[in-house]
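Breakdown of the fold
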Amino acid sequence: MTIQEIRDQLMEMAEEEYKNFNQKLCPDAGHPLLGVRIPQLRKLARTVAKEDWQSYWENGLEEYQEEILLKGLVLAYAGMPMKDKFPLVREFVPKIDSWAVCDTFCFTLKIKKEDMSAVWNLILPYTCSKREYEVRFGVVMLLRHYITEAYADQVIQVLDGVCHEGYYARMAVAWAFAELGVKFPIRTMAYLKGAHHLDAFTYRKVLQKMRESYRVTSEQKAELKKMGKLI
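Residues numbered from 1 in each chain as written. Predicted model: local features only at pLDDT ≥ 70, side-chain atom pairs only at ≥ 80, totals over all residues. Heavy atoms only, no water.

Observations concerning the pattern of salt bridges
Basically, it comes down to this: Salt bridges are defined by distance alone: a side-chain nitrogen of Lys or Arg within 4 Å of a carboxyl oxygen of Asp or Glu.
For the structure shown, the criterion picks out 13 salt bridges. R131 is paired through a salt bridge with E134; the nearest N and O atoms lie 3.6 Å apart. Because the salt bridges share partners, they merge into one network encompassing R7, E63 and E67.

Describing the side chain of D103
Worth spelling out the cut-off: Numbering of helices and strands runs from the N terminus; a helix is a DSSP stretch of H or I covering at least four residues, while a strand is a stretch of E covering at least two. Remark: exposure states derive from per-residue accessible area (1.4 Å probe, protein chains only) relative to the maximum for the residue type, with buried under 20%, exposed over 50%, and partly exposed in between.
With respect to the element layout, D103 can be found in helix α6 (residues 99-108). You can call D103 buried: its relative accessible area is 8%.

Points about the nonpolar core
What counts here: Side-chain atoms within 4.5 Å are what join buried Ala, Val, Leu, Ile, Met, Phe, Trp, Tyr and Cys residues into a set we call a nonpolar core.
Ranked by size, the top nonpolar core spans 81 residues in total, and within it L70, F137, Y146, F177, L180 and L192 carry the most contacts. If one sorts the elements of this core by residue count, helix α10 (residues 167-183) sits on top with 10 residues.

Thoughts on the packing of aromatic side chains
Rules: Centre distance within 6.5 Å is the pairing criterion for rings of Phe, Tyr and Trp, where only the six-membered ring of Trp is used; planes under 30 degrees apart are then read as stacked, over 60 as edge-to-face, and the remainder as tilted. Whether a charge sits over a ring comes down to the Lys NZ or Arg CZ being within 6 Å of the ring centre and within 35 degrees of the ring normal.
This structure, assessed with the given rule, holds 13 aromatic pairs. Ring centres of F105 and F137 lie 6.2 Å apart, and the angle between their planes is 25°; this geometry places the pair in the stacked category. Here F105, found in helix α6, pairs with F137, found in helix α8 (residues 132-145); they are 32 residues apart in sequence, far enough to count as distant. Arranged with centres 4.8 Å apart and planes meeting at 80°, the rings of Y146 and Y151 form a pair that is edge-to-face. Here the aromatic residues W57, F92, F105, Y126 and F137 are joined through ring pairs into a cluster of three or more. One Lys or Arg, K71, reaches over the ring of W57 and ends 5.9 Å from the middle of that ring.

A word on a negative patch on the surface
Heads up, the condition is: Think of a patch as exposed residues, more than 30% relative accessible area, with no salt bridge, where like charges cluster within 9 Å and nonpolar side chains (Val, Leu, Ile, Met, Phe, Trp, Tyr) cluster within 5 Å. Here, Shrake-Rupley sampling with a 1.4 Å probe gives the accessible areas, and only protein chains in the shown set may cover a residue. His is not counted, nor are the chain ends; Lys and Arg add positive charge and Asp and Glu add negative charge. Lysine's charge is taken at NZ, arginine's at CZ, aspartate's at CG and glutamate's at CD.
The grouping of E5, D8, E12, E51, D52, E58 and E91 at the surface amounts to a negative patch. Broken down by secondary-structure element, the contributors of at least two residues to the negative patch are α1 (3-13) and α3 (38-59). Tracing the chain through its elements places E12 in helix α1.

Comments concerning the side chain of H145
Stated precisely, the cut-off is as follows: We call two N or O atoms a polar contact when they sit within 3.5 Å, provided that within protein one can donate a hydrogen and the other can accept it, with sequence-adjacent residues counted only if both atoms are side-chain atoms. Residues are treated as being in contact if the distance between any of their heavy atoms lies within 4.5 Å.
Within the element layout of this structure, H145 appears in helix α8. A polar atom in the side chain of H145 sits 3.1 Å from the backbone oxygen of C106. There is a polar contact of 3.2 Å between the side chain of H145 and the backbone oxygen of L109. For H145, the contacting residues outside a window of four places in its chain are C106, L109, I111 and M116.

Concerning the environment of A200
Relative to the helices and strands, A200 is located in helix α12 (residues 200-212). When the C-alpha positions of A200 and I147 are compared, they lie 23 Å apart, and in sequence the two are 53 residues distant.

So, α8
How we decide: To estimate how far a helix should extend, the number of its residues minus one is multiplied by 1.5 Å.
Between its first and last C-alpha, α8 extends 20 Å over 14 residues, near the 20 Å set by a 1.5 Å rise per residue. Of all 14 residues making up α8, 12 are buried, and the element is well covered by its neighbours. Taken together, the buried positions of α8 are Y133, E134, V135, R136, F137, G138, V139, V140, M141, L142, L143 and H145. The inward-facing, buried residues of α8 contact α5 (82-92), α6, α7 (116-123), α9 (152-160) and α10.

Here we look at the state of the cysteines
Note the threshold: The rule for a disulfide is simple: a pair of cysteine sulfur atoms within 2.5 Å.
What the rule picks out here adds up to 0 disulfides. We note that C102 lacks a disulfide partner, and the nearest cysteine sulfur, in C106, lies 4.2 Å from it. When its relative accessible area of 0% is taken as the criterion, C102 is described as buried. With a relative accessible area of 0%, C106 lands in the buried category.

The structure is reproduced here in structure tokens:
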């Protein structure tokens, strides 16, 4: 499939109504939207990844958000060892310019058990970046892949050190802590009640997201509400 044929397929799949909806959902989008639904992008990405992903990676167009995301999905689906993807991930991350591209890529990239340590070392520097979406990438990768018994304490420590004023960076941190609160409530609550370094906005968002979760008990929600009043 040629680069132009891929662009033509994207244009054919574009929906004006969905584009308008997506623009409201993704006001931070740094590229124009076509209005292509994610399942269709995934299907196209799998096809490209099987045919000649390297050619698309090197020459694919990047005018629309869907084209940026398609590159990320192609990379995620490409049949190659994870460590060989590292240079390409480093090349892709600076292209991320919206929460949608970031989160979809992070949730699509699969990590095998034997690659967990190496990927951890890959993403950790991004949590300290001065660029908002690089921080979000690092945090969402932690959220997606590392909220486990083996890594939970390390994730809490890393998140506590994230310092970026960007809305989408701080919301990612709040989301990650809310997930930690569901899976590891005792240690998360101990952190939130202790000497944490979260700013007031992020702290409130953590409590809000935990209260909104259907996986949090009514007793826990009552406690979280009390904690919110103490700010």
